[in-house]
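Chains, contacts and geometry: an overview
The residues making up each chain are set out below.
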Amino acid sequence: MTTAEQNHTLTRTGPGTPMGTLFRRYWIPALMGSELPEPDGPPVRVQLLSEKLLAFRDSDGKLALIDEFCAHRRVSLWFGRVEQSGIRCPYHGWKYDASGQCTELPSEPDDSPLRLQVKLKAYPCVERGGIVWTYMGPPEQQPPLPEYEWAMVPDAHRYISKRIQESNYLQGMEGGIDSSHVSWLHSGELKTDKLHVGTDGARHIANQRPSFELQKTAAGLAISAKREVDAAQSYWRVTQWLMPWYTIIPPYGENAIRGHAWVPIDDENCTTWNWAHHPARPLTADEVDAMAKEEGAFAQLIPGSFRSVANKDNDYLIDRAAQKSGRYFSGVKGIAMQDASLQESMGPIVERELEFLVATDVAIVRARRRLLDAAAALAAGEPPPGIEPAAQHVRSASFVGPTKLSFEAFESALQVRAGAGPTSI
Ligand code: FES
Ligand SMILES: [Fe+2]
């Protein structure tokens, strides 16, 4: 059982909190590169771990992520002008470069030393895999750049999107490692969704009584959900959970591998990142089309925003007739919104001390424990798990194999093998 105190520690990620301090030691997906399409384009508000920031691309194409508010009288620099290697506050014209340094303070004489004292908070940025990543921790502790497979494959092998979720990051992430709900909540999609339909995996996952085996990995957990196929064989689905918030979902058949990240905006909202990548081939036009139409796992968004069309203000457009017929088990359309509707229905921060956990929740329990342990170990001077690239070179897998199988027997299927496709049925 998770106590109220543990829940508080797990879910608060602002500056100075134990979990916030841990998360600031990783490279963090901040925004999509496509949100800043050109030098000197409009800035973008970015809130991460309860810090309000502003991203822009300066005249040289250099990425900047700085405090959203002007040092002078704290207006939002989102109203500012990105011009000539910096952003200028529209109120009194102070200007800042990508490092947050004030480069012009027009009300003062040109040689005034005052300007040099004015520097906004700024975090380093790097663009990789269609994402602008940032590092918000102590500069001397900056880890190597992220090398998750989905961020490293050629662009044509990957599709990526993001959506605002109105809940704490943890209840989103816990949905991502809860393999048992797929047989219920997403049962309609197993027969219709393009990324599932017709595969052996979609057939086997209809079995609603999985059992779980967990293996601690360098970056997190390998979570095996087993569903009986016959007296000796099981359908294995091995999901990877990587610290601090990534899940890699086992693929179905020849389809791409999908995955998510749940990145805290503040304690009551998070960004749900969705991606699909195929290590061995470009995504087909058909696949990209299905994802671009925001079907299934990729929710349809309100144009010009990252909020989904189906949201809590319209009860996620629940269709009670489709619920009754089983077309959509919960009546909500699409895997993404089926998950989000239920995760948001728990309230902004679920009261975990009121839960009644059972055996199929073992991965959730272990992930919470790993997060709490990692935060405590960090405070004692140990490095965070999973910041080393080698720990990130892992995949998910799905296969039919003996019900009794040691982790070592399939460990190689979980490793990134350059150019080779995933182990998947
Ligand atoms: S508030 Fe920004 S220059 Fe005055
Ligand atoms: Fe789900």
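Attention in this report is confined to the structure presented alongside it. (Residues numbered from 1 in each chain as written. Chains lettered and ligands numbered in written order. Predicted model: local features only at pLDDT ≥ 70, side-chain atom pairs only at ≥ 80, totals over all residues. Heavy atoms only, no water.)

1. Some points on the coordination of the iron ion (ligand 2)
Rules: Here a donor is any nitrogen, oxygen or sulfur atom (N, O, S) within 2.8 Å of the metal, with 3.2 Å used for Na, K and Ca; water is not among the atoms considered, so some sites may look incomplete. Just to be clear on the cut-offs, tetrahedral is four donors with all angles between 85 and 135 degrees, square planar is four donors and octahedral six with opposite donors over 155 degrees apart and all others between 65 and 115, and anything else goes down as irregular. The way it works is that DSSP assigns letters per residue, a run of H or I at least four long becomes a helix, a run of E at least two long becomes a strand, and they are numbered from the N terminus.
Donor atoms from the polypeptide that bind the iron ion (ligand 2) are His 181 (NE2), His 186 (NE2), Asp 339 (OD) and Asp 339 (OD), placed at 2.0 to 2.3 Å. In this structure, the iron ion (ligand 2) is coordinated by four donor atoms arranged in irregular fashion, with angles at the metal of 58 to 147 degrees. Between the donor residues of the iron ion (ligand 2), the gaps in sequence give the motif H-x4-H-x152-D. Taken together, the positions of His 181 in the loop between α4 (169–176) and α5 (182–185) and Asp 339 in helix α10 (residues 335–345) put the pair 158 residues apart, joining distant regions of the chain.

2. Observations regarding α10
As a reminder, the rule being used: Residue burial is assigned from relative accessible area. The probe radius is 1.4 Å, only protein chains are included, and a residue is buried under 20% of its type maximum, exposed over 50%, and partly exposed in between. Here, residues are in contact when the closest pair of their heavy atoms is within 4.5 Å.
With nine of eleven residues buried, α10 is to be regarded as a mostly interior element. Elements that come into contact with the buried residues of α10 comprise β11 (158–165), α4, α5 and α6 (187–192).

3. Considerations on the sheet that holds strand β8 (residues 102–104)
Our working definition: Paired strands, as defined in this entry, are two strands with at least two bridges between them according to DSSP.
Read across the sheet, four strands follow the order β5-β6-β7-β8 without closing on themselves; strand pairing throughout is antiparallel. Looking at the sheet topology across the chains shown, the edges are occupied by β5 (81–82) and β8. Pairing of strand β7 (residues 95–96) with β8 involves two bridges; the strand directions are antiparallel. Residue pairing for β8: Lys 95 is matched across the bridge by Glu 104.

4. As for the sheet that holds strand β4 (residues 63–67)
Our working definition: Axes here refer to lines fitted to C-alpha atoms; in helices the fit is confined to the stretch in contact. Angles between the N-to-C directions go from 0 to 180 degrees.
What the three strands build is an open sheet, ordered β2-β3-β4; its pairing is antiparallel. Each end of this open sheet is capped by a strand with a single partner; those strands are β2 (44–48) and β4. Strand-to-strand twist of the sheet, defined as the mean angle between neighbouring strand axes without regard to direction, takes the value 35 degrees.

5. Some words on the environment of Gly 129
Note on placement: Gly 129 falls in the loop between β9 (125–128) and β10 (131–135). Here the alpha-carbon distance between Gly 129 and Gln 117, two residues twelve residues apart in the chain, equals 36 Å. Apart from the residues lying within four places of it in its own chain, the contact partners of Gly 129 are Ala 151, Arg 158 and Ile 160.

6. Thoughts on the pattern of salt bridges
Opposite charge on two side chains makes pairing possible when the charged atoms of those side chains draw close. Rules: Salt bridge, as applied in this entry: a Lys or Arg side-chain nitrogen positioned within 4 Å of an Asp or Glu carboxyl oxygen.
Tallied over the entire structure, the rule returns 21 salt bridges. For the salt bridge of Lys 312 with Glu 166, the shortest nitrogen-to-oxygen distance reads 3.7 Å. Of this pair, Lys 312 sits in the loop between α8 (285–292) and α9 (320–325) while Glu 166 sits in the loop between β11 and α4, placing them 146 residues apart in sequence. Take Glu 166: its relative accessible area is 17%, and that puts it in the buried class.

7. Description of the pairing of β2
Covered by surrounding structure in β2 are Val 44, Val 46 and Leu 48 only, the residues Arg 45 and Gln 47 on the alternate face being uncovered. By the bridge criterion, five bridges tie β2 to strand β3 (residues 51–57) in an arrangement that is antiparallel. Residue pairing in the sheet places Arg 45 in a bridge with Leu 54 of β3. Taking the residues between adjacent antiparallel strands as the criterion, β2 and β3 are bridged by two residues, where Leu 49 takes a positive phi near 50 degrees.

8. Re the environment of Arg 57
Put simply, the test is: Whenever a nitrogen or oxygen atom comes within 3.5 Å of another N or O atom, the pair is scored as a polar contact, on the condition that within protein one atom can donate a hydrogen and the other can accept it, and that pairs from neighbouring residues in sequence are kept only if both atoms are in side chains.
Position of Arg 57 among the secondary structure elements: in strand β3. Each C-alpha atom of the pair Arg 57 and Gly 33 lies 9.9 Å from the other, and the pair is 24 residues apart in sequence. Here the side chain of Arg 57 touches Gly 33 through a polar contact of 3.4 Å, landing on its backbone oxygen.

9. Things to note about the packing of aromatic side chains
Rules: Only rings of Phe, Tyr and Trp enter the pairing, Trp through its six-membered ring, and a pair is recorded when the two centres are within 6.5 Å. The plane angle decides the type: under 30 degrees is stacked, over 60 is edge-to-face, the rest tilted.
The full count for this structure, using the stated rule, is 16 aromatic pairs. Residues Trp 150 and Tyr 246 carry aromatic rings whose centres are separated by 6.2 Å and whose planes lie at 50 degrees to one another, so their mutual orientation is tilted. Within this pair, whereas Trp 150 is found in helix α3 (residues 149–152), its partner Tyr 246 is found in strand β15 (residues 246–249), the two being separated by 96 residues in sequence. Owing to a relative accessible area of 2%, Trp 150 belongs among the buried residues under this scheme. By relative accessible area, Tyr 246 is classed as buried at 1%. Here a set of aromatic residues connected by ring pairs shows up, and it is made of Phe 23, Trp 133, Tyr 148, Trp 150, Tyr 169, Trp 245, Tyr 246 and Trp 275.

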